[in-house]
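Now for the letters of each chain:
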Amino acid sequence: MKKFLTVSLSALLIIVLGPVLFQQLRGAEQRVLEGETLDATRFEEIRFRNEAQSIDLGGMLFVPRGTGPYPAAVVIHGSGTSSRANRWYLTLTHFLQDNGILVLLPDKRGSEKSGGDWHHASFEDLATDTAAAIRFLETQRRVKISRIGLIGMSQGGWIAPIVASQSTGLSYLVSVVGSSVSAHQQFLYEEDHNLRQLGVLPGISGILAGPATFISRNWLQRDFWSAVGDFDPLPYWSKLELPALALFGEVDTNVPSARSAERLRGLNKPGITVRIYEGSGHALQDPPGNGNSLLREEALTDIRDFILAVDD
């Protein structure tokens, strides 16, 4: 019996760890993606205050050339600490700025020149930062603005419908690879694919993802998960009365794109347009063999055309 158990355990370890060791020894292929850099952009420093939570916030205002009035967009950051040098955001802001759309890219609370701390903030808390950014645009007098909308990037796609449900005067909402499943479902999907990328076989990765996410939620990232809970964005989407555009990457390993698109389409709201880009991952990058843009041109032009059409 002991010999059987030893052989069985050894076989199990080989099945689980063998592919991981092989993947690590082989190494991952490195692909260099191209995007805008901070030193190549034109922006103005801004400061504004979240009066609801007494937090001073900073950010960058990307103003198009000309005299306006311009349609405007407030960008909502994804997870983690934000960086002004993030080429994914800068590629979007630069493109929109060059196409006549004003963009406010705030520093996320606790990042760059913004006070506060996002680690203990709920999504509802972070929504108040975006509401403060909207008020800044509404009350500033230097630049003429025709309409204001939201662009939620990744996890910012969870926050955008919260803001829209609580704000008046917004004209549109864009969600860029923002999940529409619950936070726990999202995390389980992402951890499953993280394990696969390490080399764990599909199926086994799904089994291991459960305890891995449980440990993260209850110990490793306890503060964050205590703040956000098992957030579900769908109730906020169901209340949405604005034109909305939701973009997903077909092979996204962070967000369950097919399921997210299915949930949004299941609301049967004609104002919500859903698009899935073939061959793109979480960044909506060019598919392999079709260029090396960090954010594919098709997605950029779809966002631009959507915003300009709403503004007409």
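Residues numbered from 1 in each chain as written. Predicted model: local features only at pLDDT ≥ 70, side-chain atom pairs only at ≥ 80, totals over all residues. Heavy atoms only, no water.

Explanation requested: the environment of P270 in the structure shown.
Position of P270 among the secondary structure elements: in the loop between α9 (257–265) and β8 (272–277). Taking the C-alpha atoms as reference points, P270 and F214, separated by 56 residues in sequence, lie 37 Å from one another. (Helix = DSSP H or I, 4+ residues; strand = E, 2+ residues; numbered from the N terminus.)

Sorry, what's going on with the packing of helix α3 (residues 123–139) against helix α4 (residues 156–166) here?
Helix packing for two helices is described by the angle between their axes and how far apart those axes are. Between α3 and α4, the shortest axis-to-axis distance is 9 Å and the interhelical angle comes to 65°. Remark: the crossing between α3 and α4 carries right-handed chirality. Taking contact as the criterion, the partners of F123, E124, L126, A127, T130 and I134 in α3 are, on α4, W158, I159, I162 and V163. Split into classes, the residues belonging to the contact of α3 with α4 amount to 8 nonpolar, 1 polar and 1 charged. (Axes fitted to C-alpha atoms, helices over the stretch in contact; angles between N-to-C directions. Left-handed = near helix turned anticlockwise from the far one by under 90°. Contact = heavy atoms within 4.5 Å. Nonpolar A, V, L, I, M, F, W, Y, C, P; charged D, E, K, R; others polar.)

Which parts of the structure should I look at to understand the pattern of salt bridges?
For side chains bearing opposite charge, pairing can occur when the charged atoms are close. According to the stated counting rule, one finds 13 salt bridges in the structure shown. Across the salt bridge formed by E45 and R84, the nearest N and O atoms sit 2.6 Å from each other. One end of the pair, E45, is in strand β1 (residues 44–50); the other, R84, is in the loop between β3 (70–76) and α2 (87–98), with 39 residues separating them in the sequence. Note on E45: relative accessible area 42%, which makes it partly exposed. A relative accessible area of 9% means that R84 is categorised as buried. Note that D56 is salt-bridged to R49, the shortest N-O span being 2.8 Å. For R49, a relative accessible area of 33% corresponds to the partly exposed category. What emerges from the salt-bridge pattern is a single network uniting E45, R84, D107 and K113. (Salt bridge = Lys/Arg side-chain N within 4 Å of Asp/Glu carboxyl O. Buried < 20%, exposed > 50% of the residue type's maximum accessible area, 1.4 Å probe, protein only.)

Is there a simple way to think about the packing of aromatic side chains in this case?
For any pair of aromatic rings, the description rests on two quantities: the centre-to-centre distance and the angle between the ring planes. Using the criterion set out here, one finds 12 aromatic pairs in the structure. The interplanar angle of 75° and the centroid separation of 5.1 Å between the aromatic rings of F123 and F231 together place this pair among those described as edge-to-face. In this pair, F123 is assigned in helix α3 and F231 in the loop between α7 (222–228) and α8 (234–238), connecting sequence segments 108 residues apart. Judged by relative accessible area, which is 6%, F231 ranks as buried. Note on F224 and W225: the rings are 5.3 Å apart at their centroids and 80° apart in plane angle, and the pair reads as edge-to-face. Considered together, F224 and W225 belong to a single accessibility category, that of buried residues. In this structure, K108 packs its charged tip against the face of W118, placed 4.8 Å from the ring centre. (Phe/Tyr/Trp six-rings, centres within 6.5 Å; stacked < 30°, edge-to-face > 60°. Lys NZ or Arg CZ within 6 Å of the ring centre and 35° of its normal.)

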